[in-house]
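What follows is the residue order along each chain.
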Amino acid sequence: MNTQTEALFFETLSGQEVRCLLCPHYCVISDTQWGICGVRQNRSGVLLSNVFGKISAVRLDPVEKKPLYHFFPGSKILSFGSFGCNLACIFCQNSSISQIAGSKIKNFETFTPEQAVALCFSEEESIGIAFTYNEPTVWFEFMLKTATLAKEKGLFTAMITNGFINRKPLEQLIPVIDAFNVDLKSFDAEFYRTNTSSVINPVLKNLNYLAENKKHIEITNLVIPDLNDEEMKFEEMTRWIAENTGKETPFHISKYFPNYKLTKPPTSELKLLRLRDIAKKYLDFVYLGNSTSNSGQNTYCSACGSILIERKGYQIWYRNIDNQNLCTHCGHQLKLFR
Ligand code: SF4
């Protein structure tokens, strides 16, 4: 199968240069060269995606692993990953597939969008398809075609993303992606510049845009000791989320472990609990990821505090909630896909 296809969103400049318009880097790429993401190449004045259907991993994952906690809790979703990333986070948790030059990719399977959707139907438990593991923006062409086909066939779709994408491509995803988990890495512009080689503003604007379009949004923040765990900044971030995407936005505080170029020790449990208390001042649903906390994964009624969904690992149990998602203690309704 040919895994090269003409890219969407580029313009031709003089002298066979092209400018990629897919993400806010706007890479200007000379003939034979690659963009920052490592998977889009200029060939004689045409920008190519080099990873169309080039799949690094495909697994039937619990939706909670994405993480998505208010989107069909307890169900499974067929998850595809490819290669490349438009960010270069020094703490990347998936660097073997994200921080790789397109010319060096060796181990992969190939899928057409039709094969991806057919595989999803052969997995009886799957509610649909997730684009995940590495940044799906940089394999936009495959994601768009596959998601479009999946929606035509009545499947659900999810994108797990850093949110660093231009408005026009994002507009095309709005009708075909049901749920987004956006990794908001910090609320500090300098952190984004220094530790991710990107900028924060497009990510915030895209969160606003997803909220305006009433998409299901969950937000994840990986807490790294000394780098982005300053409590006033964290509080500013959670207040911003409440004001911009709504206080019902599920917010996942995730524990960092050393990875890629960063060797700092893992985030302490105490710090996670302190940050959870801060986030709870503004947000109704705050979860702890990679944590040993017993209650950090449960969903509680935002009105009366009753437990509504109990989680242990990737197992879930509905408690005190009826089929209409009403709390059986106080009648408050939980916004939930089910
Ligand atoms: S998607 Fe890749 S090539 Fe295009 S602008 Fe972003 S980093 Fe550059």
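Residues numbered from 1 in each chain as written. Predicted model: local features only at pLDDT ≥ 70, side-chain atom pairs only at ≥ 80, totals over all residues.

Observations concerning the overall build of the protein chain
Here comes step 1: What the protein chain contains, in helices and strands, is eight helices and 19 strands.
Here comes step 2: Since a compact globule built from 338 residues should have a radius of gyration of about 20 Å, the 20 Å found for the protein chain is in line with a globular shape.
Here comes step 3: Dimensions of the protein chain, computed from the C-alpha atoms along their principal axes, are close to 65 × 45 × 35 Å.
Here comes step 4: By the burial criterion, 46% of the 338 residues in the protein chain qualify as buried. (Helix = DSSP H or I, 4+ residues; strand = E, 2+ residues; numbered from the N terminus. Rg over C-alpha atoms; globule rule 2.2 N^0.38 Å. Buried ≥ 20, exposed ≤ 12 C-beta atoms within 10 Å, placed from the backbone.)

A few points about the sheet that holds strand β14 (residues 216–223)
Here comes step 1: One open sheet holds the eight strands; their spatial order is β8-β9-β11-β12-β13-β14-β15-β16, and the pairing between them is mixed. Of all the strands in the sheet, just β8 (57–62) and β16 (286–289) have a single pairing partner and so form its edges. Across this sheet, the average inter-strand angle for adjacent strands is 25°, counted without regard to direction.
Here comes step 2: In the sheet, strand β12 (residues 156–161) pairs with strand β13 (residues 179–183) via four bridges, with the strands oriented parallel. (Pairing = 2+ DSSP bridges. Axes fitted to C-alpha atoms, helices over the stretch in contact; angles between N-to-C directions.)

Topic: the pairing of strand β5 (residues 40–43)
Here comes step 1: Where β5 meets strand β6 (residues 46–49), four bridges bridge the pair, whose relative direction is antiparallel. Bridge pairing links R43 to V46 in β6.
Here comes step 2: Linkage of β5 to β6, two consecutive antiparallel strands, is achieved through a turn of two residues, within which S44 is found at a positive phi near 55°.

Considerations on the packing of helix α2 (residues 113–122) against helix α3 (residues 140–152)
What describes two packed helices is the angle between their axes and the distance between those same axes.
Here comes step 1: Interaxial distance between α2 and α3 falls to 9 Å at its minimum, and their mutual angle equals 45°. As summarised for this structure, α2 and α3 are arranged oblique, according to the angle between their axes. Both α2 and α3 take part in a crossing whose hand is right-handed. Of the residues in α3, those in contact with P113, E114, A116, V117 and C120 of α2 are F142, K145, T146, L149 and A150.
Here comes step 2: Within the contact of α2 with α3, the residues separate by chemical class into seven nonpolar, one polar and two charged. (Parallel < 35°, antiparallel > 145°, perpendicular 65-115°, else oblique. Left-handed = near helix turned anticlockwise from the far one by under 90°. Contact = placed C-beta atoms within 7 Å. Nonpolar A, V, L, I, M, F, W, Y, C, P; charged D, E, K, R; others polar.)

Topic: the environment of C92
Here comes step 1: Within the fold, C92 resides in the loop between β9 (76–81) and α1 (95–98).
Here comes step 2: Separated by 104 residues in the primary sequence, C92 and T196 place their C-alpha atoms 9.0 Å from one another.
Here comes step 3: Apart from the residues lying within four places of it in its own chain, the contact partners of C92 are S98, Q99, N259 and Y260.

Quick look at helix α5 (residues 189–196)
Here comes step 1: Residues of α5 that are buried include every one of Y192, N195 and T196, and no others. End-on, the buried residues of α5 take up no more than an arc of 100°, which puts them together on one face. In α5, the exposed positions angled more than 90 degrees off the buried face are occupied by A189, E190, R193 and T194.
Here comes step 2: The first or second residue beyond α5 is S197, which carries a positive phi of 55°. (Arc of directions from axis to C-beta.)

Thoughts on the site of the ligand
Here comes step 1: As a matter of local geometry, the ligand sits amid C20, L22, C23, H25, Y26, C27, G35, I36, C37, R40, N86 and V138.
Here comes step 2: Taken together, the residues of the shell around the ligand break down into eight nonpolar, three polar and one charged. (Near = placed C-beta within 6 Å.)

Things to note about the nonpolar core
Here comes step 1: I129, A158, F251 and I253 are the most contacted members of the largest nonpolar core, which has 85 residues in total.
Here comes step 2: Among the elements that make up this core, the one with the highest residue count is α3 (six residues).
Here comes step 3: A domain-level breakdown of this core finds at least three residues from each of domain 1 (5–49) and domain 2 (54–296).
Here comes step 4: What I129 contacts, discounting residues up to four positions off in sequence, is I77, L78, F80, A116, C120, T146, A150, L155 and T157.
Here comes step 5: Counting residues in each nonpolar core, the second largest holds eight residues, with Y300, C301, L308 and C327 among its members. (Core = buried A, V, L, I, M, F, W, Y, C linked by C-beta atoms within 7 Å. Domains from an automatic or database assignment.)

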